[in-house]
Amino acid sequence: MASQKVVPHLMTLADLSVPQLKRLLKHSHHLKQVSLPWLEPQGSLTFKKQSKLRLPSQSLFNKTIALLFSKRSTRTRLAAETGASLLGGRALFLGKEDIQLGVNESARDSARVIGGMCQGIFARVGEHEEIEELAKHSPVPVLNALSSLWHPTQILADLLTLHENAHLFVLPRPDAEGEANKEAEQPKGRVEGNASLPYLRPLTVAYVGDSANVLHDMLVTYPRLGHTLRIASPAQYRAPPEVWDRVVELGCDKGIWWGADPKEAVKGADVVVTDTWISMGQEAEKADRLKAFEGYQVTEQLCIEGEANPNWKFLHCLPRKPHEVDDEVFYGPRSLVFYEADNRKWTIMAAFDLLFGKWDIDEGAKKTGGHANAD
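Computed from a predicted model, the values in this text were never measured in an experiment. In this numbering scheme, every chain counts its residues from 1 along its sequence in written order. Side-chain atom pairs in this predicted model are given and counted only at pLDDT of 80 or more, local residue features only at pLDDT of at least 70, and totals for whole chains, interfaces and linings cover all residues. Each side-chain value is worked out from all heavy atoms of the structure, with water and hydrogens disregarded.

### Here we look at the pairing of strand 3 (residues 120–124)
Piece 1. The rule is simple: take the accessible area with a 1.4 Å probe, protein chains only, and divide by the maximum for that residue type; under 20% is buried, over 50% is exposed, in between is partly exposed. Secondary structure follows DSSP: runs of H or I at least 4 residues long count as helices, runs of E at least 2 residues long count as strands, and numbering of each begins at the N terminus. Across the five residues that make up strand 3, a large majority, five, are buried.
Piece 2. Side chains G120, F122 and R124 project from strand 3 onto one buried face, and the interleaved I121 and A123 project onto a second face that is buried too.
Piece 3. Pairing between strands is defined by DSSP: at least two bridges between them are needed. Judged from the five bridges that link them, strand 1 (residues 64–69) and strand 3 form a sheet pairing that is parallel. Along strand 3, the bridge assignment pairs F69 with R124.
Piece 4. Across four bridges, strand 3 lies against strand 4 (residues 142–146) in parallel orientation. In the strand pairing of strand 4, R124 is matched with L146.
Piece 5. Handedness of a crossover: with both strands directed away from the viewer, a clockwise path from the first strand across the helix to the second marks it as right-handed. Handedness of the crossover joining strand 3 and strand 4 through helix 5 (residues 128–137): right-handed.

Okay, structure coming up:
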């Protein structure tokens, strides 16, 4: 029985090995390829070829996943509810106004009650200690949907987006006559059907902005997958000790440059990333933060002056404010933000399947070693 096994929880991608990260990304891509044809209009050619279609994993059949959200959510909630449905289960939304948690009932008691009726808890909380307390007492897996320190499912979506758009980062290769041949022996990023996760070459990824939960999971993940991080933030907005300790523990600090100049950060960047400067709960700091981050807006001019790679692309976890990135970049051809938002569904669905449905992120991971971009 499940109760005899060690309950698997996922608080941050720092908790996963490289093979486990690889498995989650590959499984996300697989579930996406299998599921998309079923979402086509019934009159479409794809849907009519039902004899060739197969259902995604139904590991959540008759199961319920509690969405324990104390903070607002658009993409995370949509991804969780639609993903759970495709896996054959149900997502039950429990907002802070819906239950007794934090009012008349402790996290310990709430975790036991929710875990006694649901088969997984997807928790979006304030302070990270809140989700740690839930995981400590829950009889079922707890997955971090967002906390003050970490945002693991966002970075899974970002990585899936980069892999699936790997063709945008192909480097020219000289042919026998010395001319550029961009196609030679290079994998394609966009794939159809049940193709495997595309190869992604090592990238230089620049992050310009506040050191918050999104960046924190980037810090413990990107360097382990062979990518270089270049970060710009004001000196007073750097990673807290509990995050940086994990970075050093994993050896990721060797693949990170960190300074205060956004132009220096984007030098040689293949991808430029930013996030909100004012997270939920920091509204009282708005004036100070806006002043501190003057000059950090992502623009074409910033990346020209900073000498980013000419074909650089842009990511943002959303929601976006114009002071973080201007319209030209956000809505322009460099932007992958809505592709990235769509991929929240498939990566959360994969985490639900392996963590809540199967209690097993390791199966298959043991067969794949090394770096994710070695495939």
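### Notes on the sheet that holds strand 1
Piece 1. One open sheet holds the four strands; their spatial order is 2-1-3-4, and the pairing between them is parallel. Looking at strand neighbours, the two that pair on one side only are strand 2 (90–95) and strand 4, the edges of this open sheet. Along the sheet, successive strands turn relative to each other by an average axial angle of 20°, direction set aside.
Piece 2. Contacts: residue pairs with any heavy atoms within 4.5 Å of one another. All axes are obtained by fitting lines to C-alpha atoms, using only the stretch in contact for helices, and the reported angles, taken between N-to-C directions, cover 0 to 180 degrees. The sheet contacts of helix 5 involve strand 1, strand 3 and strand 4, and relative to strand 4 the element is tilted by about 165°.

### Things to note about the nonpolar core
Piece 1. The biggest cluster of nonpolar side chains holds 66 residues, and the ones touching the most others in it are F122, M218, L219 and F352.
Piece 2. Looking at which element gives the most residues to this core, the answer is helix 13 (residues 337–357), with nine residues.
Piece 3. With residues up to four places along the chain from it excluded, the contact list for L219 reads L229, I231, A239, V243, V247, C252, I256 and W258.
Piece 4. We call a set of buried Ala, Val, Leu, Ile, Met, Phe, Trp, Tyr and Cys residues a nonpolar core when their side-chain atoms join them within 4.5 Å. By size, the runner-up hydrophobic cluster in this structure holds 23 residues, among which are A269, Y296, V298 and A308.

### Let's talk about the packing of aromatic side chains
Piece 1. Stacked, edge-to-face and tilted labels apply to pairs of Phe, Tyr and Trp rings (six-membered ring for Trp) whose centres lie within 6.5 Å, assigned for plane angles under 30 degrees, over 60, and everything in between, in that order. Summed over all chains, the structure comprises 10 aromatic pairs.
Piece 2. Between F293 and Y296, the aromatic rings sit 5.4 Å apart at their centres with planes inclined by 80°, giving edge-to-face as the arrangement.
Piece 3. What makes F293 buried here is its relative accessible area of 0%.
Piece 4. Assessed through its relative accessible area of 4%, Y296 is described here as buried.
Piece 5. On the basis of an interplanar angle of 50° and a centroid distance of 4.9 Å, the ring pair of F352 and F356 is categorised as tilted. Of the two residues, F352 and F356 both sit in helix 13, four residues apart, roughly one turn of that helix.
Piece 6. Taken together, the aromatic side chains of F69, F93, F122, F352 and F356 make up a single cluster linked through ring pairs.
Piece 7. Should the NZ of a Lys or the CZ of an Arg lie within 6 Å of a ring centre and within 35 degrees of the ring normal, that charge is described as sitting over the ring. Above the ring of F93, the side-chain terminus of R77 is found at 3.7 Å from the ring centroid.

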